[in-house]
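# Coordinate inspection notes
Listed below, chain by chain, are the residues.
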Amino acid sequence: MAWTVQLEKVGKNSVSLVGGKAANLGEMMLIKLPVPKGFVVTTESYLSFIRENKLQEKIETVLSEVDVENNENLVGSSARIQQMIMAGQMPAPIENEIVTSYRALYMADELREISGKALDFIRVGRDQLPVAVRSSAVAEDSSSTSFAGQMVSILNVIGPKQLLESVKRCWASLFEPRAIFYHRNNNVKMQAIAVIVQRLITADKAGVMFTADPVSGDVSKVVIEAAWGLGESVVSGQVTPDTYRYDRNSKNVEIQVNKKDTMRIRDFFAGDTKSQPVLPELVEAQVLGMEEISSLVEYAERIENHYGAPQDIEWCMERNKLYIVQTRPITTLGRKMAEPQKEVGGAVILQGSPASPGFVTGSVKKIGNISEFSKLAQGDILVTQMTTPDMVPIMKKASAIVTDTGGLTSHAAIVSRELGIPCVVGTREATRKLHDGDTITVDAASGKIYKGAASPKEAVNTGAAESEPSRLITATKIKVNLAFPERAHEAVNSDGIGLLRAEHMLTESGKHPIYIAKENPEELTGTIIEKLGSIAKALYPKPVWYRSLDARTDEFRNLAGGESEPAEQNPMLGSHGIRRSLEQQEILECELSAIKSLHEKGLDNVHLMVPFIAYVDELVRTKKIAQDMELPETVKIGIMVEVPSAALTIDEFCKAGISFASFGSNDLTQLVLGVDRNNESISNLYRENTASVLKLIKYVIGRCKNYGVETSICGEAPSRDDNLVESLVEFGIDSISVELDAFGHVKEVVARKEREMILKKSVDNEYSEKPDL
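Residues numbered from 1 in each chain as written. Predicted model: local features only at pLDDT ≥ 70, side-chain atom pairs only at ≥ 80, totals over all residues. Heavy atoms only, no water.

## Description of the nonpolar core
Going by this rule: Working definition of a nonpolar core: buried Ala, Val, Leu, Ile, Met, Phe, Trp, Tyr and Cys residues. They are joined through side-chain atoms within 4.5 Å. For the exposure calls, accessible area comes from a 1.4 Å probe over protein chains only, and a residue counts as buried if that area is under 20% of its type's maximum, exposed if over 50%, partly exposed in between.
Core analysis: the biggest nonpolar cluster contains 79 residues, and Tyr546 and Ile736 have the highest contact counts within it. Within the second largest apolar cluster, 45 residues are counted, among which are Ile50, Ile98, Val99 and Val131.

As structure tokens, this is what we get:
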């Protein structure tokens, strides 16, 4: 059993073992980015601790009774669970492995280079060296939710005793009031948590950067925020940092220097961090020089190119050396920026930075600490010095948020964008100038706060309103991939759902879906009808291609009922996809029953996509089950082309009656090249846009056209590879399905390529029609 694992040994496919944050850090180490060395206390350790202390049932009982809208109940329930965890005994094998990994983290010959602080040498031995201990939950830093500030990170942890206690604090933080609320609000099941232990970087300056403007969504900008000392002060909103906006087109940098009068530093004697005043000459000094900005932009673009999507990146510098300490997808792109309102019945009384777009008039309620939470009524405007993670439950009630301090990357800004609440940060004087009961208008597009109410012509936060790319007309349909029903409204301007991943919907209950299908099939069928139906209704009449469950045996072993999953040597080539559904038909029958029910209710835009299919007889057997269940003829059945045999025998599949074929580029690339995409040591050999893969794709598209079968692609590659997208358009693919955040960009690439092809054809025709001279 893996109680700990070295950070450099994990990658983006290791989320279930090390959580989202650690998986991303390991991934960055694989591409040679400067990430502080460390190890991860795995989710297996957490789960073993919970089992050994018999806590699971007790925790579930408390969670089942919690009322997240009642702050007192929420805080009390959280405290009960955290007390159980902190009182639990860590199993000896886990303790021993954590301490051994900690002692190996700093080697004697590396001490002077890493520390650079004379005080470190006063402490003798590797048991007294400082580390950062950081939570890494399984659902954290995903493409749909950031969980900003929801779980604990502890800096300047010294010695085995403090380390072991800090690991338990991180485990317990999975059940912080803010985390319980956030999970419930985002409909995310509370899963396992891992803990990262890294060498502590004693930062001279630190901050956050976005590879797209998080407010306007402008992908041509890189936005950097920076302040003195540790990054805590920036992400918490304790200071209003400097802001640097780099324009990728002009290469110009727009610089806004702010007053930074406090900073967080390491307390060498107390084994903690503390705030201290910034030196007078640095309060209004520019934190970053042009060379440092250029270095940060270079790293930002490398990370974005690797992930294929805009990123939210945390960084720090120690003695002029740059480190990357976190990256995660920007989860809030796609909202249209509300236009600043001009007709407002009042004077401008405050000016801050626009952090989350929207336009609201309401009554002020100033909140200083948790004891004042009850003051805030639904629809009030929350005014505070800075928000903290503990405020998340009441932030949802606010119609807008205004803070004294903080920047675009502060807690208030990030969470407001995720909740879709207008927010202005860094006003400096909001808590001094505004009073409870004041009526104000918040224009979060301009950052202006007006006295009084807005005029009747009121601007609004448009959410998923139509954007410029969505107005483009392309012959190639642009669809989106979806996993969370809650984000269906963001896909309304697409041409449909080209890949609806079932796994999240089917595991929300914390039980293995196959276990539910056997024990209570009605429950599983009902879940699918509810979740799939909400998506189909939001998109109707555009098609929704539901991929039947594709669960590898190693993915859901930690769920209830997953204990009996077989331990396969290579789960990627094992029992999953349609081969498993045909062996364990209970779940396929639930899925087909749900689709049948939806069609009977008039939602006939839902269709079935069969994953990881290799043989035509697997399709025939699937269709026979559907026929026996009297599935309506309005249900189209298609396949995912992931296994090369499916591509090479595509004619037989077409003859057997498929309605569509969609390339799963991840598995197709892996199997064509013989490269395990989870094996970091050969990750440089994994290339989707290579001749052999493209040749198969082109062949399948051509053969399908002969049979009138629609072709599409739904792997990750088109979301991050413009050259591949252009090749697909040239091949004549019917649709391309991409991640939500890539929709606008990919549509623009397709439109440009189609115009280029039309122009070329026009020129060729012109020359071919000229008479010989």
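## Some words on the packing of helix 3 (residues 56-65) against helix 4 (residues 71-87)
Selection criterion: Axes here mean lines fitted to C-alpha atoms, for a helix over just the part in contact, with angles spanning 0 to 180 degrees between N-to-C directions. Secondary structure follows DSSP: runs of H or I at least 4 residues long count as helices, runs of E at least 2 residues long count as strands, and numbering of each begins at the N terminus. Should an angle fall under 35 degrees it is taken as roughly parallel, and over 145 as roughly antiparallel, whereas 65 to 115 is taken as roughly perpendicular and any remaining angle as oblique. Whether two residues are in contact is decided by their heavy atoms, any of which lying within 4.5 Å being enough. Classes in brief: Ala, Val, Leu, Ile, Met, Phe, Trp, Tyr, Cys and Pro nonpolar; Asp, Glu, Lys and Arg charged; the others, Gly included, polar.
At a minimum axis separation of 10 Å, helix 3 and helix 4 run at an interaxial angle of 175 degrees. Relative to helix 4, the element helix 3 lies roughly antiparallel. Where helix 3 abuts helix 4, its residues Lys58, Ile59, Val62, Leu63 and Glu65 lie against Asn73, Ser77, Arg80, Ile81 and Met84. Classifying every residue of the contact of helix 3 with helix 4 by side-chain character gives five nonpolar, two polar and three charged.

## Regarding the packing of aromatic side chains
Applicable threshold: Aromatic pairing here means that ring centres of Phe, Tyr or Trp (its six-membered ring) are within 6.5 Å. Orientation follows from the plane angle: under 30 degrees is stacked, over 60 is edge-to-face, and everything else is tilted. Placement of a positive charge over a ring is assigned whenever Lys NZ or Arg CZ falls within 6 Å of the ring centre and within 35 degrees of the normal to the ring plane.
Under the definition given, this model contains three aromatic pairs. Seen from their ring centres, Phe49 and Trp171 are 4.8 Å apart, and the 40 degrees between their planes marks the pair as tilted. Residue Phe49 is located in helix 2 (residues 43-52), and its partner Trp171 is located in helix 7 (residues 160-172); the two are separated by 122 residues in the primary sequence. For the pair Phe49 and Trp171, a shared accessibility class is recorded, and that class is buried. Members of the aromatic cluster, joined through ring pairs, are Tyr46, Phe49 and Trp171. One cation-aromatic arrangement involves Lys479 over Trp545; the distance from NZ or CZ to the ring centre is 3.7 Å.

## Description of the state of the cysteines
Our working definition: For this text, the term disulfide refers to a pair of cysteine sulfurs within 2.5 Å.
Scanning all chains against the criterion turns up zero disulfides. Between Cys704, a free cysteine, and Cys654, which holds the nearest cysteine sulfur, the sulfur-to-sulfur gap is 4.0 Å. Given the relative accessible area of 0%, Cys704 is considered buried.

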